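Descriptive structure summary
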Amino acid sequence: MRDPELELEAELEDLMTVLAESDLESEAEVFAPSVTTASGGPIFEVACAGCAAGQCVACPDGLCAACPVHGGGCRAVLRQAVIEAIKLARNAADKVDAAISVEPGKRGKDAKETARLFQFFFCHDPSLVIPWAGGPSGVTVAHRLRAVAGELDGGRRILFECRTDAGCNAFTIVGVHSTIFLCPPFWAEIPLRGLPNVDRRAGTIIHEMLHNLYDVNDFLTGANPTPRRFDAHCYEAFVLRVNGFGADPFDVQACGQRACDMRI
């Protein structure tokens with residue numbers, strides 16, 4: 001029986017390969033992640049009202065909110081979060097690679113913990129071979145995380161736009177692949193156990209970049225809810241936990257709403 005979720009994920013991976021080999025120079029082509037791009041440091045702009053001089057750009061749609069950081073220092077706070085996101089994503093990818101580089105029974109303490117967390121969030125061992133991908137599941141997850149790090153680390157220019165939308169940390173818009181919209185909770189100082197706010201913000205940025213690069217989604221309902229390995233909540237929680245931090249309980253809960261049905 002054909003599995004539409006597996007076919008969709010395979011089609012998206014094929015699309016990424018085609019786009020990565022193209023020579024397009026419009027906004028559309030930056031959808032392809034440049035994993036091997038030499039690091040030049042983060043390249044981004046902040047669009048908001050009321051920021052300090054030289055800290056932001058004009059709002060492109062007239063819907064920007066005021067910079068919520070005291071003194072208008074949104075850019076400085078955001079840069080710190082982006083740099084942390086790069087580090088977290090790369091470190092998580094390295095840990096996954098280490099876990100699948102040896103047989104499960106020969107893993108050391110760190111590799112065992114990585115595999116345990118991978119199993120918890122994605123429902124299977126990272127060494128599980130995915131037929132359509134031609135290799136272990138962990139390879140694809142690590143590739144996606146390195147793509148996120150590469151794009152944040154100078155692979156593309158990203159626009160972060162402050163919004164007033166309540167009830168979310170951030171969001172993206174389908175088809176707009178280089179913009180992340182930041183809501184008030186993103187900037188807030190939220191006391192979560194084992195999770196400094198800079199890392200909470202970094203996890204949110206990784207989450208949204210996965211939307212931008214792969215259209216990874218987080219649908220919670222419907223006849224075919226998003227499988228865990230294609231859900232941004234699961235990635236965000238996994239990255240934070242494998243780096244030794246706590247995770248936002250909302251992400252853990254959202255990820256856990258999906259059954260471990262092996263639709264990967």
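The paragraphs below set out a description of the structure included in this document. Here the residue index of a chain counts from 1 through its sequence in written order. Reporting in this predicted model follows two pLDDT cut-offs: at least 70 for local features of residues, and 80 or more for side-chain atom pairs to be given and counted; totals over whole chains, interfaces and linings ignore these cut-offs and use all residues. Each side-chain value is derived from all of the structure's non-hydrogen atoms; neither hydrogens nor water enter the calculation.

Looking at the pattern of salt bridges
Put simply, a salt bridge is a Lys or Arg side-chain nitrogen that is within 4 Å of an Asp or Glu carboxyl oxygen. Following the criterion strictly, the structure yields twelve salt bridges and no others. Across the pair Lys87 and Glu84 runs a salt bridge, and its minimum N-O distance is 3.2 Å. Placement of the pair is Lys87 and Glu84 together in helix H2 (residues 74–100), with a separation of three residues, close to one helical turn. Asp94 is the partner of Arg146 in a salt bridge, and the nearest nitrogen-oxygen pair spans 2.6 Å. Linking Arg146 in helix H4 (residues 137–155) with Asp94 in helix H2, this pair joins segments that are 52 residues apart in sequence. Several salt bridges converge on common partners, so that one network encompasses Glu45, Arg75 and Arg157. Put simply, DSSP marks the helices as runs of H or I at least four residues long and the strands as runs of E at least two long, and each gets a number from the N terminus on.

Some remarks on the state of the cysteines
By disulfide we mean two sulfur atoms from cysteines, separated by a distance within 2.5 Å. Here the structure, examined in full by the defined rule, presents three disulfides. Here Cys59 connects covalently by a disulfide to Cys64, the sulfurs 2.2 Å from one another. Every disulfide takes its handedness from the sign of the S-S torsion; for Cys59 and Cys64 that torsion is 90 degrees, giving right-handed. Of the residues examined, Cys59 reaches a relative accessible area of 28% and is grouped as partly exposed. Between buried and exposed lies partly exposed: a residue is buried under 20% and exposed over 50% of the maximum accessible area for its type, with that area taken using a 1.4 Å probe on protein chains only.

Quick word on the environment of Val176
Following the sequence through the fold, Val176 ends up in the loop between strand E5 (170–171) and strand E6 (179–182). Remark: the alpha-carbon pair of Val176 and His211, spanning 35 residues in sequence, is separated by 10.0 Å.

What about the packing of helix H6 (residues 197–214) against helix H7 (residues 232–242)?
Inter-axis angles, ranging from 0 to 180 degrees, are taken between N-to-C directions of lines fitted to C-alpha atoms, where helices are fitted over the stretch in contact. The contact between H6 and H7 brings their axes to 9 Å, and the two run at 145 degrees. For the pair H6 and H7, the sense of crossing is right-handed. Contacts from Asp199, Arg200, Gly203, Thr204, Ile206, His207, Leu210 and His211 in H6 reach Ala232, His233, Tyr235, Glu236, Val239 and Leu240 in H7. Note on residue classes: Ala, Val, Leu, Ile, Met, Phe, Trp, Tyr, Cys and Pro are nonpolar, Asp, Glu, Lys and Arg are charged, and everything else, Gly too, is polar. When grouped by side-chain class, the residues that make up the contact of H6 with H7 number six nonpolar, five polar and three charged. When the near helix sits turned anticlockwise from the far one by under a right angle, the crossing is termed left-handed; a clockwise turn instead gives a right-handed crossing. Note on definitions: a residue-residue contact is assigned when non-hydrogen atoms from the two residues lie within 4.5 Å.

Topic: the pairing of E6
A two-sided burial pattern is seen for E6, the buried positions comprising Thr179 and Phe181 on one face and Ile180 and Leu182 on the other. Pairing analysis gives four bridges linking strand E4 (residues 157–162) to E6, with the strands arranged parallel. Its bridge partner being in E6, Phe160 is matched across the sheet by Ile180. Pairing between E5 and E6: two bridges, direction antiparallel. When the sheet's bridge partners are listed, Ala170 is paired in E6 with Leu182. Strands were regarded as paired on the criterion that DSSP finds at least two bridges between them.

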